[in-house]
Amino acid sequence: MKRAIVALLTLQLAGCQSMALEDQEIAKPKPPSVPTLSGAELQALIVGKSLRYTINGVVSSYFSDGRYGYRDYEVRDGGTYTIAGDEVCITFEDGGRRCDQFARIGPDYVRIEEGGRQTKVAGVGPA
């Protein structure tokens, strides 16, 4: 009888612990949202400019005529871009498409990709 009671208490405690873990997972704080640049701010930052990022030698060029260029240590790609609201949408030569946003965090600019990945802009120069 004692073994049955101990087994029952063990199961109940295990259930309480898993519920407590589930509650903690639900209660995890979400990352703060970052205010993105407005359309006018975005145009001023990227149109006619090349942005160098802090990863893998990546450079994105947004030419004044709507052409887009991309290069890193291994890849070169191109396409076109449009700005709609606070997003820049790129259509790649292979038909792929992606929309990004940019934000200013303190003195830094950050690109925010569709999936939420953030990449710091290391420098801005002419396209």
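Shown above is the structure to which this text applies.
None of these values were measured; they are calculated from a predicted model.

The rules behind each value
Residues numbered from 1 in each chain as written. Predicted model: local features only at pLDDT ≥ 70, side-chain atom pairs only at ≥ 80, totals over all residues. Heavy atoms only, no water. Helix = DSSP H or I, 4+ residues; strand = E, 2+ residues; numbered from the N terminus. Buried < 20%, exposed > 50% of the residue type's maximum accessible area, 1.4 Å probe, protein only. Contact = heavy atoms within 4.5 Å. Areas by Shrake-Rupley, 256 points an atom, 1.4 Å probe, with all protein chains shown as cover. Phe/Tyr/Trp six-rings, centres within 6.5 Å; stacked < 30°, edge-to-face > 60°. Pairing = 2+ DSSP bridges. Disulfide = S-S within 2.5 Å. Arc of directions from axis to C-beta.

Novice: Looking at this model, I keep getting lost on the overall build of the protein chain. Mind explaining?
Specialist: A tally of regular secondary structure across the protein chain gives 2 helices and 8 strands. When the helices and strands of the protein chain are listed from N to C terminus, the series reads α-α-β-β-β-β-β-β-β-β. For the protein chain, with 127 residues in total, the buried portion stands at 26%. For the protein chain, long-range pairs separated by at least 24 residues make up 37% of all intrachain contacts whose partners lie at least 6 apart in sequence. Surface accessibility of the protein chain: about 8700 Å² in total, with carbon and sulfur atoms responsible for 55%.

Novice: Sorry, what's going on with the packing of aromatic side chains here?
Specialist: The relation between two aromatic rings is expressed through the spacing of the ring centres and the mutual angle of the planes. Scanning the model with the defined rule gives 3 aromatic pairs in all. Arranged with centres 5.3 Å apart and planes meeting at 90°, the rings of Tyr62 and Tyr81 form a pair that is edge-to-face. Residue Tyr62 is found in strand β2 (residues 59-62), and its partner Tyr81 is found in strand β4 (residues 76-84); the two are separated by 19 residues along the sequence. Their ring planes at 85° and their centres at 5.9 Å tell us that Tyr68 and Phe92 sit as a pair that is edge-to-face.

Novice: Would you mind going over the pairing of strand β8 (residues 118-126) with me for this structure?
Specialist: Remark: a regular strand shows side chains that alternate across the two faces of the sheet. Bridge analysis of strand β1 (residues 49-53) against β8 gives 5 bridges, and the strand direction is antiparallel. Opposite Lys49, over in β8, you have Pro126 as the bridge partner. As paired elements, strand β7 (residues 108-112) and β8 share 3 bridges and run antiparallel to each other. Residue Arg111 lies in a different strand from β8, and its bridge partner there is Thr119. Where β7 hands over to β8, the hairpin turn is made up of 5 residues, of which Gly116 adopts a positive phi near 100°.

Novice: Would you mind going over the side chain of Thr119 with me for this structure?
Specialist: Tracing the chain through its elements places Thr119 in strand β8. The class of Thr119 is buried, set by a relative accessible area of 3%. Beyond its immediate sequence surroundings of up to four residues, Thr119 is in contact with Tyr53, Thr54, Ile55, Tyr109, Val110, Arg111 and Glu113.

Novice: Whenever I open this one, the state of the cysteines confuses me. Can you help?
Specialist: One covalent bond between the sulfur atoms of two cysteine residues makes up a disulfide. Applying the stated criterion to the full structure yields 1 disulfide. Covalently, Cys89 is tied to Cys99 through a disulfide, its sulfur atoms 2.1 Å apart. The chirality of the disulfide connecting Cys89 with Cys99 is right-handed, given an S-S dihedral of about 110°. In this pair, Cys89 is assigned in strand β5 (residues 87-92) and Cys99 in strand β6 (residues 97-105), connecting sequence segments 10 residues apart. A single burial state applies to Cys89 and to Cys99, both of which are buried.

Novice: Would you take a moment to explain helix α2 (residues 39-46) for this structure?
Specialist: Listed as buried for α2 are Leu42, Leu45 and Ile46. Summarising the axial view, the buried residues of α2 lie within an arc of 75°, below the 170-degree limit, and thus occupy one face. Away from the buried face of α2 by more than 90 degrees, exposed residues Ala40 and Ala44 are located. Gly48, located one to two residues past α2, shows a positive phi value of around 80°.

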